[in-house]
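Observations on the three-dimensional arrangement
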Amino acid sequence: MVTNGEWDEVEKYLSGFTKVDDNRYSMKIFFEIRKQKYLEALDKRDRAKAVEILVKDLKVFSAFNEELFKEITHLLTLENFRENEQLSKYGDTKSARGIMLAELKKLIEANPLFRDKLQFPSLKNSRLRTLINQSLNWQHQLCKNPRPNPDIKTLFVDHSCGQPNGARAPSPVTNPLMSAVPKAGGFPPLGAHGPFQPTPAALPTSLAGWMANPTPVPHPAASAGPIGLGAPNNAAILKRPRTPPTNNPALDYQSADSEHVLKRSRPFGMPEEVNNLPVNILPVPYAGQSHGQSSYSPDDLPKTVVMALSQGSAVKSMDFHPVQQILLLVGTNIGDVMVWELGSGEKIAHKTFKVWDLSGWSMPLQASLANDYTVSVNRVMWSPDGALFGVAYSKHIVHIYSYHGGDDLRNHLEIEAHAGSVNDLAFSYPNKQLCVVTCGEDRVIKVWDAASGAKQYTFEGHEAPVYSICPHHKENIQFIFSTATDGKIKAWLYDNMGSRVDYNAPGQSSTTMAYSADGTRLFSCGTNKEGESYLVEWNESEGTVKRTYFGLGKRSAGVVQFDTTKNRFLAAGDEFTVKFWDMDNLNLLTSTPADGGLPPSPCIRFNKEGTLLAVSTDDNGVKVLANSDGIRLLRTVENRSFDSSRVAPAAIVKAPNIGTFGSNNATIGTPIGDRAAPVAGAMVAMNSDGRSLADVKPRITDDSLEKSRIWKLTEINEPSQCRSLRLPDSLTSMRVSRLIYTNSGVAILALASNAVHKLWKWQRNDRNLTGKATTSVAPQLWQPSSGILMTNDVGDTNPEDAVPCFALSKNDSYVMSASGGKISLFNMMTFKTMTTFMPPPPAATSLAFHPQDNNIIAIGMDDSSIQIYNVRVDEVKTKLKGHQKRITGLAFSNTLNVLVSSGADSQLCVWSTDGWEKQASKFLQIPNGRAASPHADTRVQFHLDQIHLLAVHETQIAIFEAPKLECLKQWVPREASGPITHATYSCDSQSIYVSFEDGSVGVLTASTLRLRCRISPAAYLPPNPSLRVFPLVIAAHPSDPNQFALGLTDGGVHILEPLESEGKWGTSPPVENGAGPSTTSAAPSSEPPQR
């Protein structure tokens, strides 16, 4: 095409791989093509054509190089463009195209977007035949009326079944291409459990799209959407009160609205004794009804903490009863299983781990339990009708209990399901028969009869431990999605034909999948080994990711868990909070810290109606959150004194009629990342004494008055009162200007005033099982083998006078940094400078990456402007002006889609990230009697909720609410401490660490801005009267809320942690109920006098 001059075709072809503004190589490729087209028009004396090319094709490049565009335009004025010195050697068209072809080849090879696309994959000679075979199999094997000898031509169009005129399905296929296909119209027998399965219809589009090279099979009966059902028939309802009638006998065991069979579907059958109940004993939902999404608002989400339940050991998995939605099933890390009645807050049943009959089990299991009888629960799950629940343990075993109401739990089945850990468990209904599906560390999925415990199917094919399972159905096709720890997703029908799917989860992550309540939308959430998390919706018909949701943080403390509710909302436990999304919006809708105390990746679970949400806490408990309907439900039940004998069997109790929307979502148990966590972490609170504590923690204690009288500030004045470590340093010590932990928590990066970066890394070993930053093991000052240092450009400025700044990419792979000169981009592995840009003046004084695009950075300048810069195309998108002095702080909110800036003018500004217009601005209120220095820095940082904003100034700490910048609280330190030098939220946003010029550090409770702990310099610094040393910067550990690091004026970096026996920095002043001395923290308030 190039040698023939077919330029439009060349562009069209290349645009399938890249666009003009993807990167510099792409821009150069398209520029060379259009320039050649332009020169050829000029060579033909076709001025009109040349002008058209100039205006339509080349003008786009003027934004990037205006001088070059002017020079190109000037060629129009020349009689022969070869008069231009640079084009004097331009030959004829043929030779020019040859030179250009060679140039294009080099640009394509250098362009990273073409990597892995330049070599044709090696294929076996028989590959085409195999593809045709697979396509014919899928088109004809699973349709109602398969052709006896399908012709290859049937692949040319979408297949539709012909009517067999009442005849039976044809005889087995004899075509050699179809030799692997079983009898048409039936699957292999199930063995002792029944005859053939019903004839399956065409594979639904939801699964067909996931097959290797599938052919679409749009049968009239096959649809990814819900099936509309006819008017109710009273007789049918009496027979199965929960099941809408249908004229399809293959469907009458479940409603089309029973959605995700695996996870919290509605009950499918009722005991015979309830057949004479009134028709309206249970509401009958219909799949065809409108779900009225527009009637929901974020206020419908359960975000109010209504109770806290103490488990005594770490919570691993939870599930609400599908009918009695105030019953919560909980499994813990020491094998305990409990059922809570939330109306009264009582634990109505409790089972500790015990093998019912050890004699019949395998030697490996017996040996494992003989060596160590401790077992963790990996998953708990109610059956769809609530009559059974299953427990998957970390050693081989599954227990199935039958629940008969009240506190009546009975042993039903004990199954040695897998070799090693049983990672997940679910219920499904193949062939109208309740089954238990399990998966495990042995890379296998198994299906068991829920009545007898007999094994029905074994699915093998994964090459890594199977992490989770998700049974589902479309029409009358039952199937199971499975995911493994290597990020592979497979799908299985209930047959022995092997996996129908082999796809990669986003980021090769350990992933859990779940359907929306109505079964029409498929989601997954997972975290990979690098700690990157992905929440996505799948396009079922194509097996591709339809949308990726923004807002998950980088967290390596286990796999992020999620749930869905009301066909509208998604929720995930991440960064010590619960985050919520609208299914139709990529951006975070809202989040809640649930009053604090959550672990980095909490376990979460909605009840079926979405009115209650259970969240695990870091003190071995569960918090229950509710919306207004949930609060009403609990109050209604609470008003009746609880009597376990009054709790009828699950299957016949009327569900609370809170709404008509079911929730069924995937149960998210504790991730394998947590399950396989080092023993030190997994054994937290294993002491059984914890279980004798009160089960329910009231939110406001009755003895608050007593506590307010005895509470006092925690003072740490001696090295023996905390754990501290000065990081080893063999390089020149210069004052530390900037300090940050890497997102993974395994390293600390410092920028010194001499423009040199230092990186300390912790190693994973016997003394440090997690490999994360700790005071108990010294890290290495890390340098690559080349010995180079990451040193910023300083230009003509004195580095000591510069305002340094840096920002770290989410994946910790590169750092962007400046020390008064050009901005440098460094590779964190090799320390090499990848690029430099933006020479001063003005100099960069603050940097922040856009949370949704690492190629966009906000750059605060010393001339008071903010530049929004695209690194990839080396272009300033826009300049923001609103400050009077240099920019000293920048913070993005992913939830509000705003950028907040702060300056040495003590002003805060809010900018919309959509159009970059200014939305609000406010000056800090300098406290009376305090004089701020004229160039005092103001720093800003968003709370985890992405709404509350911490503003740090030498005179104060203030909390604002974005985007209106309403000042909620202000804290002014005592004058004796000297000015504030820096402050930061802890990683869970529950505390604020503040450093002072006198060398001390204060710990404030974030919600009240009350000082609860003061650490004097003597606690971490050796005495040296001749040298005044104090912290200039403070950084919080990304996953340990009680660890922070200090960067000092003498170049030292110290890490501080509370004593293990204490576990945290002091205790918060109690919340007052109008008694005792006031502890209000409303603006402005000073800390109490030093004691």
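The structure under discussion appears in the preceding block.
Since this is a predicted model, take the numbers as computed values, not measurements. (Residues numbered from 1 in each chain as written. Predicted model: local features only at pLDDT ≥ 70, side-chain atom pairs only at ≥ 80, totals over all residues. Heavy atoms only, no water.)

**As for helix H5 (residues 93-110)**
As a reminder, the rule being used: Numbering of helices and strands runs from the N terminus; a helix is a DSSP stretch of H or I covering at least four residues, while a strand is a stretch of E covering at least two. One less than the residue count of a helix, multiplied by 1.5 Å, gives the span that helix is expected to have. Contact between two residues is taken to exist if any of their heavy atoms lie within 4.5 Å; hydrogens are not considered.
For H5, built from 18 residues, the straight-helix expectation of 26 Å at 1.5 Å per residue is met to within 8% by its first-to-last C-alpha distance of 26 Å. In the core, the buried residues of H5 are packed alongside helix H1 (7-14) and helix H2 (24-43).

**Some remarks on the pairing of strand S9 (residues 409-416)**
To keep things clear, this is the line we draw: Being paired, for any two strands, means DSSP has found at least two bridges between them.
Two strands pair when backbone bridges link them, and strand S8 (residues 397-403) and S9 are joined in this way by 7 bridges, in the antiparallel orientation. Looking across to S9, one finds that Ile400 is bridged to Leu413. In sequence, S8 turns back onto S9 through a hairpin of 5 residues, with Gly405 there showing a positive phi of about 90°.

**Notes on the packing of H2 against H5**
Condition: For helices, the fitted axis covers only the stretch in contact; all axes are lines through C-alpha atoms, and the angles between them, taken along N-to-C directions, range from 0 to 180 degrees. In these notes the angle categories are as follows: under 35 degrees is roughly parallel, over 145 is roughly antiparallel, 65 to 115 is roughly perpendicular, and the rest is oblique. Here the term charged refers only to Asp, Glu, Lys and Arg, the term nonpolar to Ala, Val, Leu, Ile, Met, Phe, Trp, Tyr, Cys and Pro, and the term polar to all other amino acids, Gly among them.
Two elements in contact, H2 and H5, have axes whose closest approach is 9 Å; the angle formed by their N-to-C orientations is 170°. With respect to each other, H2 and H5 are oriented roughly antiparallel. Residue-level inspection shows Tyr25, Lys28, Ile29, Glu32, Ile33, Gln36, Glu40 and Asp43 of H2 in contact with H5, the latter providing Thr93, Ala96, Arg97, Met100, Glu103, Leu104, Leu107, Ile108 and Ala110. The residue inventory of the contact of H2 with H5, partitioned by class, reads 9 nonpolar, 2 polar and 6 charged.

**Focus: the pairing of strand S56 (residues 1031-1036)**
The side chains of a regular strand alternate, first on one face of the sheet and then on the other. What counts here: Exposure classes here rest on a 1.4 Å probe applied to the protein chains alone. A residue is buried below 20% of its type maximum, exposed above 50%, and partly exposed in between.
Counting buried positions along S56 gives 5 out of 6 residues, so the element sits mostly inside the fold. As judged from the 5 bridges shared by S56 and strand S57 (residues 1044-1048), these two strands associate in the antiparallel manner. Residue pairing across strands places Ala1036 opposite Phe1044, the latter belonging to S57.

**A few points about unusual backbone geometry**
Note that the residue after Pro840, namely Pro841, is joined by a cis bond; omega there is -5°. Geometrically, the link from Ala962 to Pro963 is a cis peptide bond, its omega value of 5° lying close to zero. With respect to the helices, strands and loops of the structure, Pro963 is situated in the loop between strand S50 (956-961) and strand S51 (966-972). At Arg443, a position not held by glycine, the phi torsion is positive, near 70°. Here Arg443 lies in the loop between strand S11 (435-440) and strand S12 (444-449). For Ser864, which is not glycine, the phi torsion reads 80° and is therefore positive. Assignment of secondary structure puts Ser864 in the loop between strand S41 (853-861) and strand S42 (865-870).

**Thoughts on the nonpolar core**
It is characteristic of soluble globular proteins that their nonpolar side chains tend to be buried jointly. Our working definition: Definition used in this section: a nonpolar core is a set of buried Ala, Val, Leu, Ile, Met, Phe, Trp, Tyr and Cys residues joined via side-chain atoms within 4.5 Å.
Counting residues in hydrophobic clusters, the biggest one holds 33 residues, and the most contacted among them are Tyr38 and Leu58. For this core, the secondary-structure elements that each account for two or more residues are H1, H2, helix H3 (47-58), helix H4 (66-74) and H5. Take this core: its biggest share by element is 9 residues, from H2. Aside from chain neighbours lying at most four places away, what touches Leu58 is Phe31, Arg34, Lys35, Tyr38, Ile53, Phe69 and Ile72. Core analysis: the next-biggest nonpolar cluster, separate from the first, contains 22 residues, Leu327, Val337, Leu369 and Val377 among them.

**Quick notes on the environment of Tyr993**
Here is the rule: Contacts described as polar in this section are N or O atom pairs within 3.5 Å, which, within protein, must combine one atom able to donate a hydrogen with one able to accept it, while residues neighboring in sequence count only if both atoms come from side chains.
In this fold, Tyr993 is placed in strand S53 (residues 991-996). Separated by 41 residues in the primary sequence, Tyr993 and Ile1034 have C-alpha atoms spaced 7.5 Å apart. Polar contacts involving the side chain of Tyr993 include one to the main-chain carbonyl oxygen of Pro1041, which spans 2.6 Å.

**Section: the sheet that holds strand S22 (residues 561-565)**
Reading across from one edge, S22-S23-S24-S25 is the order of the 4 strands in this open sheet, with antiparallel pairing throughout. Two strands in the sheet have a free side with no partner beyond their single neighbour: S22 and strand S25 (588-592). Recorded for the sheet is a direction-independent mean angle of 25° between the axes of neighbouring strands. Where strand S24 (residues 577-582) meets S25, 4 bridges bridge the pair, whose relative direction is antiparallel. In the sheet register, Trp581 faces S25, and the bridge partner there is Leu588.

**Some points on the packing of aromatic side chains**
Rules: For Phe, Tyr and Trp, rings pair up if their centres lie within 6.5 Å, where Trp contributes its six-membered ring, and each pair is then called stacked (planes under 30 degrees apart), edge-to-face (over 60) or tilted (otherwise). Both a distance and an angle decide whether a charge sits over a ring: NZ of Lys or CZ of Arg must be within 6 Å of the ring centre and within 35 degrees of the ring normal.
Considering all chains together, one arrives at 20 aromatic pairs under this definition. A ring pair is formed by Trp382 and Phe389, whose centres lie 5.2 Å apart and whose planes are at 75°; its orientation type is edge-to-face. For the pair shown, Trp382 and Phe389 are each scored as buried. Ring centres 5.9 Å apart and planes at 15° place the aromatic pair Tyr457 and Phe459 in the stacked group. Take Tyr457 and Phe459: they sit in the same class, and that class is buried. An aromatic cluster of three or more residues is present, and its members are Trp356, Trp382, Phe389, Tyr401 and Tyr403. Sitting over the face of the ring of Trp782, Lys761 holds its NZ or CZ atom 3.9 Å from the ring centroid.

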